[in-house]
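Summary of structural features
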Amino acid sequence: MVKYRLVLLRHGEGAWNKENRFCSWVDQKLSSDGIKEAQNCGKHLKALGFEFDLVFTSVLSRSIQTAWLVLEAMGQEWVPVQSSWRLNERHYGALIGLNRAEMALNHGEEQVKIWRRSYDVTPPPISESHPYYEEIYNDRRYKCSDVSQDNLPKAESLKDVLDRLLPYWNEKIVPELKSGKMILISAHGNSSRALLKHVEGISDEDIINVTLPTGVPILLELDENLHPLGPHQFLGDQEAIQAAIKKVEDQGKVKSAEN
């Protein structure tokens with residue numbers, strides 16, 4: 001019997017998603033297509049009759065902007081939104097800003113897939129000489145976080161993402177869920193994958209094959225112990241969703257020469 005329902009959402013397409021670059025903790029707004037994805041997501045959730053009581057986001061603009069657009073499209077702008085760095089995208093370290101297809105050309109598609117999708121492989125850490133180091137670590141939003149700026153990550157594996165996400169899930173989100181609230185989590189590809197791994201018990205080996213497209217809501221139906229009653233469900237046109245998943249998977253492949 002379904003006791004709790006939770007909707008998980010990877011933000012709409014951002015500018016660097018479009019450019020196929022590792023965005024990570026660099027703050028980016030949604031692209032024009034990403035805005036449409038978020039609006040369409042909200043319209044679809046409204047048509048399905050969803051009514052949210054609380055929304056959780058990361059502290060990155062693309063996550064927050066997606067939540068706002070979804071709620072606006074649903075006519076539920078009044079719903080409270082709580083933000084935490086613990087829902088941020090995975091920190092890609094020295095890879096931040098690099099083009100995935102070019103990386104595949106230089107390092108091989110398999111290595112890029114390991115960096116992007118594996119559970120416990122951490123990319124090289126970001127250094128102070130990195131072009132985006134100052135932008136990230138001097139950002140005022142992290143002065144409000146529950147850890148000191150010195151203790152913020154410099155690179156993360158998916159395991160690291162899950163480790164920093166779990167305290168927030170257990171202490172903030174789960175109590176609200178168990179109180180009967182309908183919750184939307186507007187997050188990122190890897191923080192969402194980490195949460196799915198935890199909730200659904202996906203193995204370290206199988207998580208590499210879990211890919212989430214932008215702007216597609218994911219429904220989780222849980223029992224009283226927060227165990228899934230079935231696999232997560234992508235809500236929407238299934239053919240279009242599979243095409244969007246393939247598009248994400250192809251980001252880490254060498255770009256074919258155009259005729």
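To keep things clear, this report deals only with the structure shown in the data block. Just so you know, these numbers come straight off a predicted model, no measurement behind them.

Cut-offs used in this document
Residues numbered from 1 in each chain as written. Predicted model: local features only at pLDDT ≥ 70, side-chain atom pairs only at ≥ 80, totals over all residues. Heavy atoms only, no water. Helix = DSSP H or I, 4+ residues; strand = E, 2+ residues; numbered from the N terminus. Rg over C-alpha atoms; globule rule 2.2 N^0.38 Å. Buried < 20%, exposed > 50% of the residue type's maximum accessible area, 1.4 Å probe, protein only. Phe/Tyr/Trp six-rings, centres within 6.5 Å; stacked < 30°, edge-to-face > 60°. Lys NZ or Arg CZ within 6 Å of the ring centre and 35° of its normal. Axes fitted to C-alpha atoms, helices over the stretch in contact; angles between N-to-C directions. Parallel < 35°, antiparallel > 145°, perpendicular 65-115°, else oblique. Left-handed = near helix turned anticlockwise from the far one by under 90°. Contact = heavy atoms within 4.5 Å. Pairing = 2+ DSSP bridges.

Moving on to the overall build of the protein chain. Helix and strand content of the protein chain: nine helices and six strands. Computed over its C-alpha atoms, the radius of gyration of the protein chain comes to 18 Å, within 12% of the 18 Å expected for a compact globule of 259 residues. C-alpha extents for the protein chain along the principal axes are approximately 50 × 50 × 35 Å. Here the protein chain holds 259 residues, and the buried ones make up 54% of them.

Turning next to the environment of asparagine 170. Mapped onto the elements, asparagine 170 comes out in helix H7 (residues 158–178). Taking the C-alpha atoms as reference points, asparagine 170 and arginine 5, 165 residues apart in sequence, are found 16 Å from one another.

Another point: the packing of aromatic side chains. Counting across every chain of the model gives seven aromatic pairs. With a centroid separation of 6.1 Å and an interplanar angle of 65°, the aromatic rings of tryptophan 25 and tryptophan 85 are classed as edge-to-face. With tryptophan 25 in the loop between helix H1 (15–18) and helix H2 (32–47) and tryptophan 85 in the loop between strand E3 (81–83) and helix H4 (100–107), the pair connects residues that are 60 residues apart, well separated along the chain. An identical accessibility class is assigned to tryptophan 25 and tryptophan 85; each is buried. Where phenylalanine 56 meets tyrosine 168, the ring centres are 5.8 Å apart and the plane angle is 90°; that geometry is what we call edge-to-face. Note that phenylalanine 56 is positioned in strand E2 (residues 54–57) and tyrosine 168 in helix H7, a separation of 112 residues in sequence. Both residues of the pair, phenylalanine 56 and tyrosine 168, belong to the buried class. Through successive ring pairs, a cluster of aromatic residues spans Trp25, Trp85 and Tyr142. When the ring centre of tryptophan 16 is taken as reference, the NZ or CZ atom of arginine 21 above it lies at 3.8 Å. The positively charged end of arginine 100 is found above the aromatic ring belonging to phenylalanine 22, 5.1 Å away from the centroid.

Viewed as axis vectors pointing N to C, H2 and helix H3 (residues 61–74) meet at an angle of 40°, and their least axial separation amounts to 7 Å. Comparing the axis directions of H2 and H3 gives the class oblique. Handedness of the crossing formed by H2 with H3: right-handed. For the pair formed by H2 and H3, the contact residues are Ile35, Ala38, Gln39, Cys41, Gly42, Lys43, Leu45 and Lys46 on the first element and Gln65, Thr66, Leu69, Val70, Ala73 and Met74 on the second.

This part covers the sheet that holds E2. Taking strand neighbours across the sheet as the criterion, the six strands line up as E3-E2-E4-E1-E5-E6 in an open arrangement whose pairing is mixed. The open sheet has two free edges, formed respectively by E3 and strand E6 (233–234), since each of these has just one partner strand. Across four bridges, E2 lies against strand E4 (residues 183–187) in parallel orientation. Across the sheet, the residue bridging to threonine 57 is serine 186, located in E4. Contacts from helix H8 (residues 189–200) reach strand E1 (4–10), E4 and strand E5 (217–222) within the one sheet, and its direction differs from that of E1 by about 150°.

Geometric values such as these leave the question of function open.
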